[in-house]
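Each chain, letter by letter, is given below.
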Amino acid sequence: MPHARIALDRDFTVGEVPHRIFGSFVEHMGRCVYTGIYEPGHPTADERGFRRDVLELAQEMGITVVRYPGGNFVSGYRWEDGVGPVEQRPRRLDGAWHTVETNAFGLHEFMDWTRVAGVEPMEAINLGTRGVEDARRLVEYANHPGGTELSDLRRANGHADPFGIRLWCLGNEMDGPWQIGHKTADEYGRLAQEAAKAMRLVDPDIELVACGSSNSAMPTFGAWEQTVLTHTYDVVDYISLHAYYQEHDGDAGSFLATAVDMDHFIDSVVSTADAVRAKGRHTKRIDLSFDEWNVWYQRGRDTDDQPHVIEARGEWREHPRIIEDEYNVTDAVVVGTFLNSLLRHGDRVKIANQAQLVNVIGPIRSEEGGPAWRQSIFWPFARTAELARGTILRTAVTSDRYESAAFGDVDLVDVAATYDEERGRVALFLANRGLDDAADVEVALRGWTAGRVTRAEVLTVPDGGDRRSANREDAQDVVGLTGLDGVTTTEAGVTLRLPALSWAVVEVEVTPV
Ligand code: AHR
């Protein structure tokens, strides 16, 4: 039986759990906004057109911050199109997703939605087709109390109080040749620096995210971060990371190991940011905003919801289905390991946004006029957001390993752990990457005595299913959490058995010694 030993020590910590790492992302893309979070006329819609069923699932997921309005969409977006009387808003072509944008949903609707949902907004500005002036004007419109043309326009449009948006992204994936208004690192770095300066002159309390690489396989990865941060170091707070992973050619072993790549990606960006800090003799530290991450089956599909198929059809439609990936058990285990990676790096990754919230590679799915349901990947996110509280613990893991084609030798058991001193609980977030065998896990708790098990749940292959089992509109609860039996505590720690291919959460009461 595969086996892993994990040692946790009350004094060996990473830092506080950054509450913003449980973020999500709403882009004007496909059916994320329209028929996702917003659908006037839906049986559950409130008076503003917000779908209550989707909203309740977003709240159940425990998301803390939502990035908006894109994504690639933002690089051709005029924020003014989305404010003012709805009937006067223009219909426009969105080149990023070959879609007609009605602008029925814009900044005010988004801000209202974040208030109802109880989440923090994270607003991206357009540095593709626009620049310093529009960025400055948007901050004034959103955050200035009143007495100027733009702040009074916000008031006239129904919002007397400033929105008070603190978190801003300086564009999106500007290193990518696919991006509208794509730039070199020097062009973007200078533009971001000047936009940041102008935005801060309007509101000095904002926090700014500079664009890092679109993914770590970009040919400019590393050099991009170095150049951009050299230009922007003094005026930004974070550098962004984006990463999407998928299973290739049925190689589940490599797919299940992709959090190893995520760990490495984060470590590389931390090193680059710190090298710029040293070279520039800066005292402040730049933290990381992992503001797009998920499983996304980007390659090898020609279904009707693929961007290249939509573009090739040549039609322009309102909110077509785009990348409505269906997630299975394997995907959920992988997503659990991504959350573990983010937690393990919680000393530097201070913001993270799973992309996206609903329908578009979303943990939540919804149908127009129909139901909303949870995909498999909803569960590890919801439980980690609920139970990862207090302090992140360092994990010393001695696990049996396996050879993966893409990432070499990898631990079978992946783990992150937190200690909530206030509630006297240690929470363990565990994944068994092994496809065939259960794994026995012993957890030594040093500096506490262990008491009652307060939570023990597992997501694994359902009875009669297989690793590709998934939730669908007509079978919404095939993959979910069930009780994990057999978790035992002694004074020294916890022992448990993880089923083959599983993600689990175990929470125990602890008393410091
Ligand atoms: O989340 C989908 C798309 O992926 C975003 O618009 C873009 O930023 C990324 O490439």
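Residues numbered from 1 in each chain as written. Predicted model: local features only at pLDDT ≥ 70, side-chain atom pairs only at ≥ 80, totals over all residues. Heavy atoms only, no water.

Enquirer: Explain the pairing of strand S13 (residues 349–355) here, please?
Expert: As a general feature of sheets, a regular strand has side chains that alternate between the two faces. Burial of S13 is extensive: 6 of the 7 residues sit out of reach of the surface. Pairing of strand S3 (residues 23–25) with S13 involves 3 bridges; the strand directions are parallel. Bridge assignment links Gly-23 to a residue of S13, and that residue is Asn-353. In this structure, strand S11 (residues 287–295) lies alongside S13, joined through 4 bridges in parallel fashion. When the sheet's bridge partners are listed, Trp-293 is paired in S13 with Gln-354. (Buried < 20%, exposed > 50% of the residue type's maximum accessible area, 1.4 Å probe, protein only. Helix = DSSP H or I, 4+ residues; strand = E, 2+ residues; numbered from the N terminus. Pairing = 2+ DSSP bridges.)

Enquirer: Explain the packing of aromatic side chains to me, please; I cannot follow it from the model alone.
Expert: Here the distance between the centres and the angle between the planes together describe a pair of aromatic rings. Within this structure, the stated rule accounts for 17 aromatic pairs. Between Tyr-188 and Trp-224 the ring centres are 5.6 Å apart and the planes differ by 15 degrees, which places this aromatic pair in the stacked class. Taken together, the positions of Tyr-188 in helix H5 (residues 185–202) and Trp-224 in helix H6 (residues 223–232) put the pair 36 residues apart, joining distant regions of the chain. The exposure class of Trp-224 is buried, given its relative accessible area of 2%. Summarising the aromatic geometry, the rings of Tyr-244 and Trp-296 are spaced 4.7 Å apart at their centres and angled 90 degrees between planes, so their arrangement reads as edge-to-face. Of the two residues, Tyr-244 sits in strand S10 (residues 238–245) while Trp-296 sits in the loop between S11 and helix H9 (307–313), which places them 52 residues apart along the sequence. Judged by relative accessible area, which is 13%, Trp-296 ranks as buried. One aromatic cluster in this structure is built from Tyr-34, Tyr-38, Phe-50, Tyr-68, Phe-105 and Phe-110. Over the ring of Phe-25 we find Arg-67; its NZ or CZ atom is 4.7 Å from the centre of that ring. (Phe/Tyr/Trp six-rings, centres within 6.5 Å; stacked < 30°, edge-to-face > 60°. Lys NZ or Arg CZ within 6 Å of the ring centre and 35° of its normal.)

Enquirer: Sorry if this is basic, but what is going on with the pattern of salt bridges here?
Expert: For side chains bearing opposite charge, pairing can occur when the charged atoms are close. Counted under the stated rule, the structure contains 49 salt bridges. In this structure, Arg-365 engages Glu-367 in a salt bridge whose closest nitrogen and oxygen atoms are separated by 2.8 Å. One exposure class covers both Arg-365 and Glu-367, and it is buried. Across the salt bridge formed by Arg-423 and Asp-420, the nearest N and O atoms sit 3.2 Å from each other. Arg-423 sits in the partly exposed class, given a relative accessible area of 40%. Linked by salt bridges that have partners in common, Asp-420, Arg-423, Arg-425, Arg-452, Glu-507 and Glu-509 make up one network. (Salt bridge = Lys/Arg side-chain N within 4 Å of Asp/Glu carboxyl O.)

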